[in-house]
Amino acid sequence: MPKEATPGDAPADDAACWICGRTSGEISIALSGDTEEEAKISKEISATKAAKESLASNAGKWREGVPDAFKEFDLAFVLQNADQFRSMQFLAALIEEAKNTVRELDEVSFSVRKGAVIKVSGTVVDESQRASIAERLNEFERRTKRKLKREQDLHDVEYQRLGYIARLSGMKLLDGIDFLREAGTFYYDLQLEAKELARAAASKKRPVWKLRSVKFKDFPREVSVCTVCERLLKEFKPAEATAVKPAARA
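If you're wondering where the values come from, they're calculated on a predicted model, not measured in any experiment. Throughout, residues of each chain are indexed from 1 in the direction in which the sequence is written. Where local features are concerned, this predicted model is filtered to residues with pLDDT of at least 70; where side-chain atom pairs are given and counted, the filter is 80 or more; whole-chain, interface and lining totals use all residues. To obtain the side-chain values, all non-hydrogen atoms of the structure were included, while hydrogens and water were left out.

A. Quick look at the nonpolar core. Note on terminology: a nonpolar core comprises buried Ala, Val, Leu, Ile, Met, Phe, Trp, Tyr and Cys residues joined through side-chain atoms within 4.5 Å. Here the term buried applies to any residue with accessible area under 20% of the maximum for its type, exposed to any over 50%, and partly exposed to those in between, with areas from a 1.4 Å probe on protein chains only. In terms of nonpolar packing, the biggest core is built from 46 residues, with Leu79, Met88, Leu94, Leu105, Val108, Val120 and Leu168 touching the most fellow members. Secondary structure elements are defined from DSSP: runs of H or I of at least 4 residues count as helices, runs of E of at least 2 residues count as strands, and each element is numbered from the N terminus. Of all the secondary structure elements, the ones that give two or more residues to this core are α2 (36–65), α3 (75–80), α4 (91–114), α5 (130–144), α6 (157–162) and α7 (173–203). Residue contributions to this core peak at eleven residues, all from α7. Ala15, Phe216, Val223 and Val228 belong to the second-largest nonpolar core, a separate cluster that totals eleven residues.

See below:
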């Protein structure tokens, strides 16, 4: 195994690894690109953007698809009695959207105001973002004239019975669809921001590939070895030969 060289003996800029023959620049190029964690987050970002675009498109179709006979119904009533409104073919999608956005936005609001760990679609948000998110939640409530989940809701009988649907009480069906679009867009934006920050944090964890001077036992001089080859040398463990035991005599 290589030993540390005397401090200050850094390889020249154009030095190449004694084992693989690559310079530090060539190694960086060869190993550039997203890490497994970055790739996973990027995939989640793409899915979230697609969901946001889908909501914007679907909300318009939902509004157009509401039969005149149903337009005066309360959205919360419709969601509680979905079986009675099966003629609205989009109802299942609307219910799913409400679960995935309003319910989750409620939980973000509760965590932010309670001082608990903030999670947006499973992504933990840095504490430094709490004040900013709180202000944006307040602005959303002012704009929509709808309160999101707070500590007192845990003791509210209506909220305990209906959950996130209680947030939609008092809104006619069309107004409710508009609210779901706003709430969903807001929640997807929070997701995207949280995931972008997570991706930036993940990129900082990338290993730094470089060359350093090392000295092998009994070698007359130091040689340059890249961190890739050095890691391989340290991690490589040849399989031990398994001795075949003689069969026991009868």
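B. Spotlight on the state of the cysteines. Two cysteine sulfur atoms form a disulfide, by the criterion used here, when they sit within 2.5 Å. Overall, the coordinates contain zero disulfides when judged by the stated rule. Between Cys17, a cysteine without a disulfide, and Cys20, which holds the nearest cysteine sulfur, the sulfur-to-sulfur distance is 3.7 Å. You can call Cys17 buried: its relative accessible area is 4%. Cysteine Cys229 remains unbridged, with the sulfur of Cys226 as its closest cysteine sulfur at 3.6 Å. What makes Cys229 buried here is its relative accessible area of 9%.

C. Examining unusual backbone geometry more closely. Its identity is not glycine, yet Ser121 carries a phi of approximately 55°, on the positive side. Unlike most non-glycine residues, Lys145 shows phi in positive territory, near 60°. Along the chain, the position of Lys145 falls in the loop between α5 and α6.

D. Fine view of the packing of α2 against α7. In contact at an axis separation of 9 Å, α2 and α7 are set at 170° when each is read in the N-to-C sense. Between α2 and α7, the angle is such that the two are roughly antiparallel. Classified by chirality, the crossing of α7 by α2 is left-handed. Lys, Arg, Asp and Glu make up the charged group, whereas Ala, Val, Leu, Ile, Met, Phe, Trp, Tyr, Cys and Pro make up the nonpolar group; the residues left over, Gly among them, are polar. Taken together, the residues of the contact of α2 with α7 sort by class into 13 nonpolar, six polar and twelve charged. Every angle, taken between N-to-C directions, lies between 0 and 180 degrees, and every axis is a line fitted to C-alpha atoms, over only the stretch in contact when it is a helix. For this classification, under 35 degrees means roughly parallel, over 145 means roughly antiparallel, 65 to 115 means roughly perpendicular, and everything else is oblique. By definition, turning the near helix anticlockwise from the far helix through less than a right angle yields a left-handed crossing, and turning it clockwise yields a right-handed one.

E. Examining the packing of aromatic side chains more closely. To pair, rings of Phe, Tyr and Trp, with the six-membered ring standing in for Trp, must have centres within 6.5 Å; the planes then decide the type, stacked if under 30 degrees apart, edge-to-face if over 60, and tilted in the middle. Throughout the structure, instances matching the rule amount to eight aromatic pairs. Arranged with centres 5.1 Å apart and planes meeting at 80°, the rings of Phe70 and Phe85 form a pair that is edge-to-face. Placement of the pair is Phe70 in the loop between α2 and α3 and Phe85 in the loop between α3 and α4, with a sequence separation of 15 residues. Note on Phe77 and Phe85: the rings are 6.1 Å apart at their centroids and 85° apart in plane angle, and the pair reads as edge-to-face. For Phe77, a relative accessible area of 35% gives the class partly exposed. Aromatic ring contacts, followed pair by pair, group Phe70, Phe73, Phe77 and Phe85 into a single cluster.

F. View of the pairing of strand β5 (residues 223–226). The two faces of β5 match: Val223 and Val225 on one face and Ser224 and Cys226 on the other face are all buried. For strand β4 (residues 211–215) and β5, the ladder comprises four bridges, and the chain directions are antiparallel. Counterpart to Leu211 in the pairing with β5 is Cys226. Only when DSSP finds a minimum of two bridges between them are two strands counted as paired.

G. A look at the confidence of the model for the chain. Note: pLDDT gives the predictor's confidence per residue, expressed from 0 to 100. Across the chain, pLDDT averages 84, with 86% of residues at or above 70. The secondary structure element of the chain with the lowest average pLDDT is strand β1 (residues 3–4), at 48, and the one with the highest is α5, at 95. Throughout, a contact is declared for two residues whenever any of their heavy atoms are within 4.5 Å. Scored below 50 in pLDDT, residues 4–8 makes five contacts in the model with residues more than four places away or belonging to other chains.

H. Structural context of the environment of Asp106. Along the polypeptide, Asp106 turns up in helix α4. For the pair Asp106 and Lys149, spaced 43 residues apart in sequence, the C-alpha to C-alpha distance is 4.9 Å. In this structure, Asp106 is in contact with Leu148, Lys149, Tyr159, Tyr164 and Arg167, ignoring residues within four places of it in sequence. Whenever two N or O atoms come within 3.5 Å, that pair is a polar contact, provided that in protein one can donate a hydrogen and the other can accept it, and provided that, for residues adjacent in sequence, both atoms are side-chain atoms. At 3.5 Å, the side chain of Asp106 forms a polar contact with the side chain of Tyr159.

I. Layout of α5. Expected helix span is given by 1.5 Å per residue-to-residue step, counting one fewer step than there are residues. The first and last C-alpha atoms of α5 sit 21 Å apart over 15 residues, in line with the 21 Å expected at 1.5 Å per residue. Among all positions in α5, only Arg130, Ile133, Ala134, Leu137, Phe140, Glu141 and Thr144 are buried. Buried residues along α5 cover an arc of 120° about the axis, so they all sit on one side. In this structure, the buried residues of α5 make contact with α4 and α7. Immediately beyond the C-terminal end of α5, within one or two residues, lies Lys145, with a positive phi of roughly 60°. Note that the arc is defined by the directions from the helix axis to the C-beta atoms.

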